[in-house]
Amino acid sequence: MDTSDRPHGSAWSARAQADLLKDALDVVNIKRSVVLGHSWGAAVALAMALNRPNDVRGLVLLSGYYYPTLRADVLLSSPPAIPIIGDLLRFSISPLLGKLLQPLLLKGMFAPLPVPANFSTGSTPNMSLRPGQIRAESQDGVAMIPGAIAMRHRYQELTMPVVIMAGTKDGVVNAKQPRRLHAQIPHSNLRMVPGVGHMLHYAVPEEVAEAIEVAGGLPTTLDKTRGASHTASAA
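Here, residues in each chain are numbered from 1, in the same order as that chain's written sequence. Local features in a predicted model are, by the rule used here, given only for residues with pLDDT of at least 70; side-chain atom pairs are given and counted only at 80 or more, and totals for whole chains, interfaces and linings are based on all residues. The basis for every side-chain value is the complete set of non-hydrogen atoms in the structure, without hydrogens or water.

Asker: Now, about helix H2 (residues 40-51): what can you tell me, with residues and values included?
Answerer: Side chains three or four residues apart in an α-helix point the same way, a direct result of the helix having 3.6 residues per turn. Under the DSSP-based scheme used, a helix requires at least four consecutive residues in state H or I and a strand at least two consecutive residues in state E, with every element numbered from the N terminus. To estimate the expected span of a helix, count its residues, drop one, and scale the result by 1.5 Å. The end-to-end C-alpha distance of H2, which contains 12 residues, comes to 17 Å, matching closely the 16 Å that a straight helix rising 1.5 Å per residue would cover. Relative accessibility decides the category of a residue: with a 1.4 Å probe and only protein chains considered, values under 20% of the type maximum give buried, values over 50% give exposed, and everything between is partly exposed. Burial within H2 is extensive, with 10 of its 12 residues counted as buried. Looking at H2, one finds that the buried residues are Trp40, Ala42, Ala43, Val44, Ala45, Leu46, Ala47, Met48, Ala49 and Leu50. Contact between two residues is taken to exist if any of their heavy atoms lie within 4.5 Å; hydrogens are not considered. Taken together, the buried residues of H2 touch helix H1 (14-27), strand E1 (33-38), strand E2 (56-62) and helix H8 (131-151).

Next up, the structure:
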């Protein structure tokens, strides 16, 4: 599969990525979509909903980072985003270090559940070691805290259906974050999934699918089951 790297010299903030996503949806003529974002993607989804609310039918936020905090991982991951120095690192030691640290990082993301076998042996881990991807992930990490600062006082502006999901055992983002967001968006639906970490879309895909249906105002699988049972009883 052919891929393209991010252009140099651009600040790919959550808002910039949201605008790019909206342009892509316009090209394929998709209107008022349900937007789902996981982790950093939750910030992108929020930026799209806040700045283009008429284009978002519903919002599903998974394991997101919504409020600024001190994060050592941002500091450690930032060097590849630095011009010139970052280029040298990305084409020399960063892929090697990434390869060595990857098992530990994946374990932390999926904990307390095991890393799925098809994830650790598939192409996804290797793709994250490409120089262009290393730069992109580093830039996203650097943008996390400024992005949260820029949006944290605006979340109550959201009027579309919002479903917030997080694992109670998430070791990447503190569980206080989704609860605080839920308090700031009173009409939102908060779902804390017990015993699950940061990668909850791998742990409970059926619940994530139901969250999309709820955000889109569609009958959920449970609603359909209840409807079928009622019909059968009536018959």
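Still to come is the rest of the account.
Asker: Quick rundown of the packing of aromatic side chains? Include the residues and the values.
Answerer: Centres within 6.5 Å are what make two rings of Phe, Tyr or Trp a pair, Trp counting through its six-membered ring; a difference in plane orientation under 30 degrees is then read as stacked, over 60 as edge-to-face, and the rest as tilted. Across all of its chains, the model carries 2 aromatic pairs by this definition. Judged by centre distance (5.6 Å) and plane angle (90°), the ring pair of Tyr67 and Tyr155 falls under edge-to-face. Note that Tyr67 is positioned in the loop between E2 and helix H3 (72-77) and Tyr155 in the loop between H8 and strand E3 (162-167), a separation of 88 residues in sequence. For Tyr155, a relative accessible area of 0% puts it in the buried group. Ring geometry for Phe110 and Tyr202: centres 5.5 Å apart, planes at 75°, overall edge-to-face. Here Phe110 is found in helix H5 (residues 93-110), whereas its partner Tyr202 is found in helix H10 (residues 200-203), with 92 residues between them in sequence.

Asker: Let's hear about the packing of H2 against H8: which residues, and what values?
Answerer: Helix-helix packing is described using two parameters, namely the angle between the two axes and the distance between the axes. Geometry is summarised by axes, namely lines fitted to C-alpha atoms with helices restricted to the contacting stretch, and by angles between N-to-C directions that run from 0 to 180 degrees. Packing of H2 against H8 brings their axes to within 10 Å, and their N-to-C directions diverge by 40°. Classed by the angle they form, the pair H2 and H8 counts as oblique. For the pair H2 and H8, the sense of crossing is left-handed. In contact with Trp40, Ala43, Leu46, Ala47 and Leu50 of H2, H8 contributes Asp140, Ala143, Met144 and Met151. Throughout, the term roughly parallel applies to angles under 35 degrees, roughly antiparallel to angles over 145, roughly perpendicular to angles from 65 to 115, and oblique to all others. Rotating anticlockwise by less than a right angle from the far helix to the near helix defines a left-handed crossing, while the corresponding clockwise rotation defines a right-handed one.

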